[in-house]
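Take a look at the letters that make up each chain.
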Amino acid sequence: MAKKISPRNQLLTGFTLFELLTTITIIALLMSLIFSCISAVRFQGWRVECMSNLRQLYHLVAAHANDHRGRVLATGRIWYGQLYPDSIGISGPVADSGVGLSWPELQPYSDVPLADSLATSGEETRRTIGIWMCPSRRSKDSRAIGGNLVNQGDGNTYLNTSYSFLAGSEKWSNVERASSGEDLTQSRLDPQRILISDLFILWAGRQFFVNHTRTDSVAESQIPTSFAGMNRLFGDGRVAWKTASEFDLSAISAGDSAQPHVRSELTDRWYY
Ligand SMILES: [Zn+2]
């Protein structure tokens, strides 16, 4: 009479350690494949949403120019009186003078309401500020928008956006800083002129702050592998993606000043 094997024993004898390890390995491989697919889809989503942000910003700038004899807003004035390309004035001189890329200046042309208090975090503020932030950064920013509001100690509040506003940057002086709000007019908005781009800055010669990477900031050595590319808005309203391979990343990492860049402090460089 054959010996009866209980289901429990069958299970124990049915799987060898090798089979078990093989199964675990296959599951792990499948998981990583799924995660990389999800990651790729998310990256693509950010890119598309970012393009939409830039198109909306173009309409705000163009509508504002129409009402101001064609004058296009210049870069915002902050920080020791120099002009930086990547901030929006919430209060103070930028908003009052109307030369800077300022929220109060552009808000009347937007159907996105200005939040009562920008210093609050949460979904409401996050939605409100939507088009001013590249989604690749916004989604990583656990501090929400309040963390991007800075007071420079001059009584004004500035919003650190994730876009560089480059209008008039070709007029920046030899010391590579902007000198004044420029009378950049609509008639000079041509297809070659970059108006706004994703952020790509080498900060204080040490660390890059870039959009479309997996982390908010990356060390110089990580740029070639982490930086995917940037969206750029041109003077005719066209938005185009510039992929990482179109940059000479090794030269940028080495701080080669021959690379196209905008610099507002001697040690900081904006690339576009
Ligand atoms: Zn972007």
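Residues numbered from 1 in each chain as written. Predicted model: local features only at pLDDT ≥ 70, side-chain atom pairs only at ≥ 80, totals over all residues.

Participant: I'm lost on the overall build of the protein in this one. Help?
Facilitator: Assigned secondary structure in the protein consists of 8 helices and 16 strands. Within the protein, the proportion of its 272 residues that are buried is 33%. A separation of at least 24 residues holds for 63% of the contacts in the protein among residues at least 6 apart in sequence. (Helix = DSSP H or I, 4+ residues; strand = E, 2+ residues; numbered from the N terminus. Buried ≥ 20, exposed ≤ 12 C-beta atoms within 10 Å, placed from the backbone. Contact = placed C-beta atoms within 7 Å.)

Participant: I'm lost on the sheet that holds strand β9 (residues 194-198) in this one. Help?
Facilitator: In any sheet, the strands associate via hydrogen bonds between backbone groups, in a parallel or an antiparallel arrangement. Judged by pairing direction, the sheet is antiparallel, and its 4 strands sit side by side in the order β7-β9-β13-β14 without closing on themselves. With partners counted over all chains shown, the strands left at the sheet margins are β7 (163-165) and β14 (239-243), one partner each. Sheet twist, expressed as the average angle between the axes of neighbouring strands with direction ignored, equals 25°. In terms of strand pairing, strand β13 (residues 229-234) meets β14 through 5 bridges, oriented antiparallel. Counterpart to Leu233 in the pairing with β14 is Val239. (Pairing = 2+ DSSP bridges. Axes fitted to C-alpha atoms, helices over the stretch in contact; angles between N-to-C directions.)

Participant: Looking at this structure, I do not really get the nonpolar core. What am I missing?
Facilitator: Note that soluble globular proteins tend to have their nonpolar side chains buried in a common cluster. By size, the foremost hydrophobic cluster in this structure holds 37 residues, and its most contacted members are Leu57, Val61, Leu166, Leu195, Ile196 and Phe200. When contributions to this core are tallied by element, the ones reaching two or more residues are α2 (17-66), β7, β9, β10 (200-203), β11 (207-210), β13 and β16 (268-271). Ranked by residue count, the leading element in this core is α2, at 7 residues. (Core = buried A, V, L, I, M, F, W, Y, C linked by C-beta atoms within 7 Å.)

Participant: Whenever I open this one, unusual backbone geometry confuses me. Can you help?
Facilitator: One can expect most non-glycine residues to show negative phi and most peptide bonds to be in trans. Non-glycine residue His212 carries a positive phi angle of around 55°. Tracing the backbone shows His212 in the loop between β11 and β12 (217-219).

Participant: For this particular structure, what's the right way to read the environment of Asn211?
Facilitator: Checked against the element boundaries, Asn211 lands in the loop between β11 and β12. Considered as a pair, Asn211 and Ala228 are 17 residues apart in the sequence and their alpha carbons are 8.3 Å apart. Beyond its immediate stretch of four places on either side in the chain, Asn211 contacts Cys134, Ser136, Arg137, Ser162, Asp198, Leu199 and Met230.

Participant: Mind showing me how you'd approach the pairing of β13 here?
Facilitator: As defined by bridge partners, β9 adjoins β13 across 3 bridges and the pair is classed as antiparallel. By the bridge assignment, Ile194 is partnered in β13 with Phe234. Count of turn residues in the β13/β14 antiparallel hairpin: 4 residues, of which Gly237 carries a positive phi of about 90°.

Participant: What exactly am I supposed to notice about the environment of Tyr272 here?
Facilitator: Residue placement: Tyr272 occurs in the segment after β16. By C-beta crowding, Tyr272 is classed as partly exposed, having 19 other C-beta atoms within 10 Å. Taking the C-alpha atoms as reference points, Tyr272 and Asp198, 74 residues apart in sequence, are found 7.8 Å from one another.

Participant: Explain the confidence of the model for the protein here, please?
Facilitator: In low-pLDDT regions, the fine details of the predicted coordinates are not to be read closely. A residue-level look at the protein finds 54% of positions with pLDDT of 70 or above and a mean pLDDT of 71. Contacts for the low-pLDDT stretch residues 173-182, under 50 throughout, to residues beyond four places or in other chains number 20 contacts. (pLDDT = per-residue confidence, 0-100.)

Participant: Before we go on, may I ask you to explain the pairing of β10 in this structure?
Facilitator: Side chains on a regular strand alternate between the two faces of the sheet. Here β10 pairs with β11 via 4 bridges, running antiparallel. Residue pairing for β11: Ile201 is matched across the bridge by Phe209. In this structure, the hairpin formed by β10 and β11 is closed by a connection of 3 residues, where Ala204 is found at a positive phi of approximately 50°. For β10 and β16, the ladder comprises 2 bridges, and the chain directions are antiparallel. From the neighbouring strand, Ile201 faces β16, where its bridge partner is Trp270.

Participant: Sorry if this is basic, but what is going on with the environment of Leu60 here?
Facilitator: The topology assignment puts Leu60 in helix α2. For the pair formed by Leu60 and Pro108, sequence separation is 48 residues and the distance between their alpha carbons is 8.8 Å.

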